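Spelled out, the chains give:
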Amino acid sequence: MDVAVLAAVAIAAIAVGAAVGFVARGVLADQGIKAAQEKAARIVAEARTQQKDLILEAKDEKLRLQRESEDEARAKRTELSNLERRLLQRDEQLDQRTDMLEQRDRKLLDREREIERAREELARTKLEQIAALERVSGLSAADAKAILLEAVRDEAEQDAVRLTRAIEREARDSAGDRAREVIVTAIQRVAADHTAEHTVTTVHLPSDEMKGRIIGREGRNIRALEQATGIDLIIDDTPETVILSGFDPVRREVARIALTKLIQDGRIHPGRIEEVVAKARAEVDLVIKEAGETAAYDAGVPGLPPEITKLIGRLKFRTSYGQNVLLHVLETSRLAAVIAAELGADVAAAKMGGLLHDIGKAVDHEVEGPHAAIGAQIAQRHSLPFKVVNAIAAHHQEVEYACVEAPIVQVADAISASRPGARGESTETYVKRLEELQAIAGSFAGVDRSFAVQAGREVRILVRPEEIDDLSAGRLARDIVKKIEESLTYPGQIKVTVIRETRSIEYAK
């Protein structure tokens, strides 16, 4: 009984609990739905508010862009309006200028007509005046002109006499200078230039057996000697003779002395060769120094720089057509001094110029260019007087004379070189060399005439301007130089000058 009651009570309690739970869940669900609805309503309200704000911002941006577009369009319209106004103003100015030019042309035409009328009036007036003068004077125009010419002639003769006397006074004042120039020019016309040099030296041997010892085993001795001296040794079938070949005369002299000592000593091997060559070089340097100092003393040219004195001494071993260059410059110095004294020129400058005029030959195998230009550069580098520098540079007429001492040195040089027995070249050989140069130049098309000048140092070529233009003239010079280099053997350089001249002649009739 109790159990049944308890069970019923439990069941009733469960049912009541279930009902209460169901009611509680419904209430909670209703509250959640309300909260969600309220939240959704808030979100919708916020979205509507943001939508309104965005719409307002978009409208503001649209208005701003419209205003900017309007402002830009307004500015462009203003600019176009200004440009149009300027163009209109320019058109007006051009119209005004055109009107002014037309008015000026009309005025000029009117002025020309007035001038022409005035000229005609002047001519009529002149004729009337001449007629009136003829009536008053009783002379015709021809008679009056003759009287006037006679008066003018008398006045001109008086002026000519006065001018002649003035010229005579000036001539007497400048007679000394003019006489010097005339004498120098006259002497210069008979001057002649020559140039050449020996490039070999001969050494005699006691016997032909010595040739083998000089050559050495497998040629080591001759190689050592050539390397030490810079000179080529030529040992051929010539009996008891060795030839030393080289352009440097000082090196040839060193090689000659060294070879002579080696032959006398008999000990010939590479080590001994170097020792003997060094001693020979020192000996030659001493000889050069003494020769230069002696030459300067004999020429009466003291105070030369040591380098210049050494270069003068090197000329002791240089020859030109068999003439020793050192003796030649000494003779030239003395001749220049005598001529300068006779003409009243600077004797000291003439002596120094004569002594140094061929100094470029001491180094012309080492420096590119003609020896006169090389010598002038050396003298200028050592601050020698201008007259001396010009005398050296101009003694072969490669530059213009700048003082009277320059042609004096040139004349003295020619006298020393061309006196009988001074040089060994014959006239036939000299002329043949010049003819060969002219023949080479004349073998090219377009060449009119050619002249070999400066003792064969320069060829001047006249071309026909209708066949050779300026560009072709340059090519022609190069072609002639190339053919000369291939065909001829010559010392130094040969200058090729192509001259193209165009003349236009008309006659006034």
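All values reported here derive from a predicted model rather than from experimental measurement. For every chain, the first residue of the written sequence is number 1, and numbering continues from 1 onward in sequence order. Where local features are concerned, this predicted model is filtered to residues with pLDDT of at least 70; where side-chain atom pairs are given and counted, the filter is 80 or more; whole-chain, interface and lining totals use all residues. Based on all heavy atoms of the structure, the side-chain values leave hydrogens and waters out of the count.

Asks: It is not clear to me how helix H8 (residues 306–314) should be interpreted in this structure. Could you clarify?
Replies: A turn of α-helix holds 3.6 residues, and therefore any two residues three or four places apart point the same way. Considered for burial, the residues of H8 that qualify are Ile308, Thr309, Leu311, Ile312, Gly313 and Arg314. Lining the buried residues of H8 we find helix H6 (249–265), helix H7 (270–299), helix H9 (325–343), helix H10 (347–356) and helix H11 (371–381). When a residue's accessible area, from a 1.4 Å probe over protein chains only, is under 20% of the maximum for its type it is buried; when over 50% it is exposed; and in between it is partly exposed. Comment: elements are numbered from the N terminus, with helices defined as DSSP H or I runs of at least four residues and strands as E runs of at least two. In what follows, a contact means two residues having at least one pair of non-hydrogen atoms within 4.5 Å.

Asks: Looking at this structure, I do not really get the pairing of strand S7 (residues 458–463). What am I missing?
Replies: Each regular strand displays side chains that alternate between the two surfaces of the sheet. Across 6 bridges, the pairing between strand S6 (residues 447–453) and S7 is antiparallel. Within S7, the residue paired with Val447 across the bridge is Val463. Paired strands are those between which DSSP finds at least two bridges. Alignment of S7 against strand S8 (residues 495–500), held across 6 bridges, turns out to be parallel. Counterpart to Val463 in the pairing with S8 is Arg500.

Asks: Explain the pattern of salt bridges to me, please; I cannot follow it from the model alone.
Replies: Where side chains of opposite charge bring their charged atoms close, a pairing between them can arise. Each reported salt bridge corresponds to a side-chain nitrogen of Lys or Arg within 4 Å of a carboxyl oxygen of Asp or Glu. For the structure on display, the rule yields 18 salt bridges. A salt bridge links Glu61 to Arg64; its shortest N-O distance comes to 2.2 Å. With a gap of 3 residues between them, Glu61 and Arg64 both fall in helix H1 (residues 2–137), about one helical turn apart. On the basis of relative accessible area, Glu61 is assigned to the partly exposed category, the value being 35%. Between Asp346 and Lys387 there is a salt bridge, with the nearest N and O atoms lying 3.7 Å from each other. Taken together, the positions of Asp346 in the loop between H9 and H10 and Lys387 in helix H12 (residues 386–393) put the pair 41 residues apart, joining distant regions of the chain. When salt bridges with common partners are traced through the structure, they connect Glu61, Arg64 and Glu68 into a single cluster.

Asks: I would appreciate a short explanation of the sheet that holds S8 in the present structure.
Replies: The strands making up a sheet are joined through hydrogen bonds of the backbone, oriented either antiparallel or parallel. One open sheet holds the 3 strands; their spatial order is S6-S7-S8, and the pairing between them is mixed. Sheet topology places S6 and S8 at the edges, where each strand pairs with a single neighbour. With direction set aside, neighbouring strand axes in the sheet form an average angle of 20 degrees. Of the strands in this sheet, S6, S7 and S8 are in contact with helix H15 (residues 470–487), which crosses S8 at around 155 degrees. Orientation is described by axes fitted as lines to C-alpha atoms, over the contacting stretch for helices, and by angles from 0 to 180 degrees between their N-to-C directions.

Asks: I'm lost on the packing of H7 against H9 in this one. Help?
Replies: The packing of two helices is summarised by the inter-axis angle and the distance between the axes. Two elements in contact, H7 and H9, have axes whose closest approach is 10 Å; the angle formed by their N-to-C orientations is 20 degrees. Between H7 and H9, the interaxial angle falls into the category roughly parallel. Relative to H9, the crossing made by H7 is right-handed. In contact with Ala291, Ala295, Asp298 and Ala299 of H7, H9 contributes Leu326, Leu330, Ser333 and Arg334. Residues of the contact of H7 with H9, tallied by class, amount to 5 nonpolar, 1 polar and 2 charged. Geometric relationships in this document are graded by angle, where less than 35 degrees denotes roughly parallel, more than 145 denotes roughly antiparallel, 65 to 115 denotes roughly perpendicular, and other angles denote oblique. Each crossing is labelled by how the near helix is turned from the far one, with a counterclockwise turn of less than a right angle marking it left-handed and a clockwise turn marking it right-handed. Gly is placed with the polar residues, together with every amino acid not listed as nonpolar (Ala, Val, Leu, Ile, Met, Phe, Trp, Tyr, Cys and Pro) or charged (Asp, Glu, Lys and Arg).

Asks: I'm lost on the side chain of His371 in this one. Help?
Replies: Residue position: His371 is located in helix H11. A polar atom in the side chain of His371 sits 3.3 Å from the side chain of His395. For the purposes of these results, a polar contact is taken to be a pair of N or O atoms within 3.5 Å, where, inside protein, one atom must be able to donate a hydrogen and its partner to accept one; residues adjacent in sequence count only when each atom of the pair is a side-chain atom. In this structure the side chain of His371 is engaged in a polar contact, spanning 3.3 Å, whose partner is the side chain of His396.

Asks: In this structure, what is going on with the environment of Ile312? I would like to understand it.
Replies: For Ile312, the position within the fold is in helix H8. Apart from the residues lying within four places of it in its own chain, the contact partners of Ile312 are Gly292, Ala295, Leu304, Leu326, Leu355, Leu356 and Ile359.

Asks: Please clarify how a negative patch on the surface should be interpreted in this entry.
Replies: What makes a patch is a set of residues exposed beyond 30% relative accessible area and free of salt bridges, joined within 9 Å when like-charged and within 5 Å when nonpolar (Val, Leu, Ile, Met, Phe, Trp, Tyr). To measure how exposed things are, a 1.4 Å probe is used in the Shrake-Rupley method; for residues, cover is taken only from the protein chains shown. Positive charges come from Lys and Arg alone, negative charges from Asp and Glu alone, with His and the N- and C-terminal ends not counted. Positions of charges follow a simple convention, taking NZ of Lys, CZ of Arg, CG of Asp or CD of Glu. Residues Asp91, Glu92, Asp95, Asp99, Glu102 and Asp105 make up a contiguous surface patch of negative charge. Within the fold, Asp105 resides in helix H1.

Asks: Please clarify how the packing of H7 against H8 should be interpreted in this entry.
Replies: The interhelical angle for the contact between H7 and H8, taken along N-to-C directions, is 100 degrees, at an axis separation of 7 Å. It follows that H7 is roughly perpendicular to H8 by the angle criterion. Of the residues in H8, those in contact with Ile288, Lys289, Ala291, Gly292, Glu293 and Ala295 of H7 are Thr309, Lys310, Ile312, Gly313 and Arg314. Its residues placed into classes, the contact of H7 with H8 shows 4 nonpolar, 3 polar and 4 charged.

Asks: Got a minute to help me understand the confidence of the model for the chain in this structure?
Replies: If pLDDT is low for a region, its predicted coordinates should not be looked at in detail. Each residue carries a pLDDT score, the predictor's own confidence in it, on a scale running from 0 to 100. Averaged over every residue, the pLDDT of the chain is 81; the share at 70 or more is 88%. At the low end of the mean pLDDT range in the chain sits helix H3 (residues 175–188), at 56; at the high end sits H12, at 91. Between residues 189–197, whose pLDDT stays under 50, and residues either more than four places distant or in other chains, the model counts 31 contacts.

Asks: Any chance you could explain the side chain of Asp413 here in plain terms?
Replies: Within the fold, Asp413 resides in helix H13 (residues 405–418). The contact partners of Asp413, leaving out residues within four places of it in the chain, are His328, Thr332, His357, Asp358, His395 and His396.

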